[in-house]
Amino acid sequence: MIKAHGLTKTFDGFCALEDFYAEIKDGSIYGLVGSNGSGKSTLLRTISGIYRPDGGEITVAGENPFENIYIKNMIFHVSDDLYFLPQSTMDDMAAFYSSVYTGFGAEIYGELCGRFPINPKKKLHTFSKGMKRQAALILSLAANPRYLLLDEAFDGLDPVMRGAVRKIIADRVADGSMSVVISSHNLRELEDICDHMGLLHEGKVIFEREIDEVKLGFCKVQAGFSLMPEDDALKQLNIMQLEKSGSVLHMVVRGKSDEILRYLETLGPMFVETIPLTLEEVFIHEMEAVGYDYNKIIF
C-alpha cells in the first residue's frame, strides 16, 4: 500500500504538495486527475523516492522510498518527459534495466516486443513520440514492478495502442502482481481503466472516490410534463443543476436513481428517463458542491 500522511513538498517557495493525505491500496488502478501544476507529477516522483518530502511522510509497502534500494526495486516510474540512454536501443535499455530490477523478465520483454509494432534494435532517438511511449511501457512492464507509476501514460498513443496498453495493465493488476497509479489531466482517458480516482488542485486532494461509488451518487434526468410542476415540488429533490426547455426538465440530481424516478412519477410526467453521467460531469458537480470552479481546475 502507498500512504501519504500530511505530505508537503516545496520548490523555491512554491508549494507543489501541501498537507497531502491519500491511501492507494494494493491491487488497484488509481487515477490522479488535475490540471498542469496541480501536484500530480510531484506526487509520483515523491512516491518513487526521487524527491524527499519537506513535511509529513510517504510510505510504500510500509517504508520510506527515498534512497531505499529495496523499495525502489518494487517501483517503476514512467515519467511524462521520457529519458533513454544516449544512442540506446530498446534492447540496450532492457539490458540496463535487467541489471537494476531483480524481477526483470527477458521472456516477458520479448513477448511484449512481439505484441507491439516496434523494432527493439532501432535507436530510440529515431522513434516518434508514440513509439517512445510504447517502448517505455514495454520496458516498465518487463521490469515486473510491484508498483507501476505512469505520468500521462497514454500521451502520444493512437486509439488502438491505448486499448492494448489498458488491457495489458488491467490483466496484470487482475492477477494480483501489480498496483498502478496513473496521472492525467484527462478524465475521459482514465474512466474505463481506474477503479479509484483522486482529484488534485493546488497540491491538495479535493476528494477521492471509488469509480462506482462516484457514479452511484448522481442521476441525470429528463422529464416531460403537460403541466410543469411547482418549484416547491422540485425542492424535495437535491438538484445540482436544472434547466427548463419548454415542457421538459433537464436535471442533475444527487441521490439514488430509483428513488428519484419514483418521486418524479408522483408528479405526473408524460415521460421520465435517466441518462448516464460521464465521470467528468460527476466531478464537475462534486467540485461545485465544495466551492471550486471546474474551469479553473480541469481543462
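Our subject is the structure listed above.
Residues numbered from 1 in each chain as written. Predicted model: local features only at pLDDT ≥ 70, side-chain atom pairs only at ≥ 80, totals over all residues. Heavy atoms only, no water.

Chemist: Hey, could you run me through the overall build of the protein chain in this one?
Modeler: Tallying secondary structure elements over the protein chain gives eleven helices and 13 strands in all. On the principal axes, the C-alpha backbone points of the protein chain span a range of 75 × 45 × 30 Å. Within the protein chain, the proportion of its 299 residues that are buried is 48%. Between the mean site of the 30 positive side-chain charges and the mean site of the 43 negative ones, the protein chain shows a separation of 5 Å. (Helix = DSSP H or I, 4+ residues; strand = E, 2+ residues; numbered from the N terminus. Buried < 20%, exposed > 50% of the residue type's maximum accessible area, 1.4 Å probe, protein only. Lys, Arg positive; Asp, Glu negative; His and termini not counted. Charge placed at Lys NZ, Arg CZ, Asp CG, Glu CD.)

Chemist: Explanation requested: the sheet that holds strand E4 (residues 55-60) in the structure shown.
Modeler: In a beta sheet, neighbouring strands pair by backbone hydrogen bonds and run either parallel or antiparallel. Ordered by their spatial adjacency, three strands build an open sheet running E2-E1-E4, and the pairing between neighbours is antiparallel. Where the open sheet ends on each side, the last strands, each with one partner, are strand E2 (14-24) and E4. Averaged over all neighbouring strand pairs, the angle between strand axes comes to 25 degrees, with direction disregarded. Examined bridge by bridge, strand E1 (residues 2-11) and E2 share seven bridges and lie antiparallel to one another. Note on E2: the bridge partner recorded for Phe 11 is Phe 14. (Pairing = 2+ DSSP bridges. Axes fitted to C-alpha atoms, helices over the stretch in contact; angles between N-to-C directions.)

Chemist: It is not clear to me how the packing of aromatic side chains should be interpreted in this structure. Could you clarify?
Modeler: The geometry of an aromatic ring pair is captured by two quantities: the separation of the ring centres and the angle between the planes. With the rule as written, the count across this model stands at six aromatic pairs. Note on Phe 76 and Tyr 101: the rings are 5.3 Å apart at their centroids and 25 degrees apart in plane angle, and the pair reads as stacked. Here Phe 76, found in strand E5 (residues 75-78), pairs with Tyr 101, found in the loop between helix H3 (90-100) and helix H4 (106-115); they are 25 residues apart in sequence, far enough to count as distant. Tyr 101 shares its class with Phe 76; the two are buried. With 6.2 Å between their ring centres and 55 degrees between their planes, Tyr 97 and Tyr 101 make a pair best called tilted. Like Tyr 97, the residue Tyr 101 is buried in the burial classification. Sitting over the ring of Phe 154, Arg 166 keeps its end group 5.9 Å from the ring centre. (Phe/Tyr/Trp six-rings, centres within 6.5 Å; stacked < 30°, edge-to-face > 60°. Lys NZ or Arg CZ within 6 Å of the ring centre and 35° of its normal.)

Purely geometric numbers; function is a separate question.
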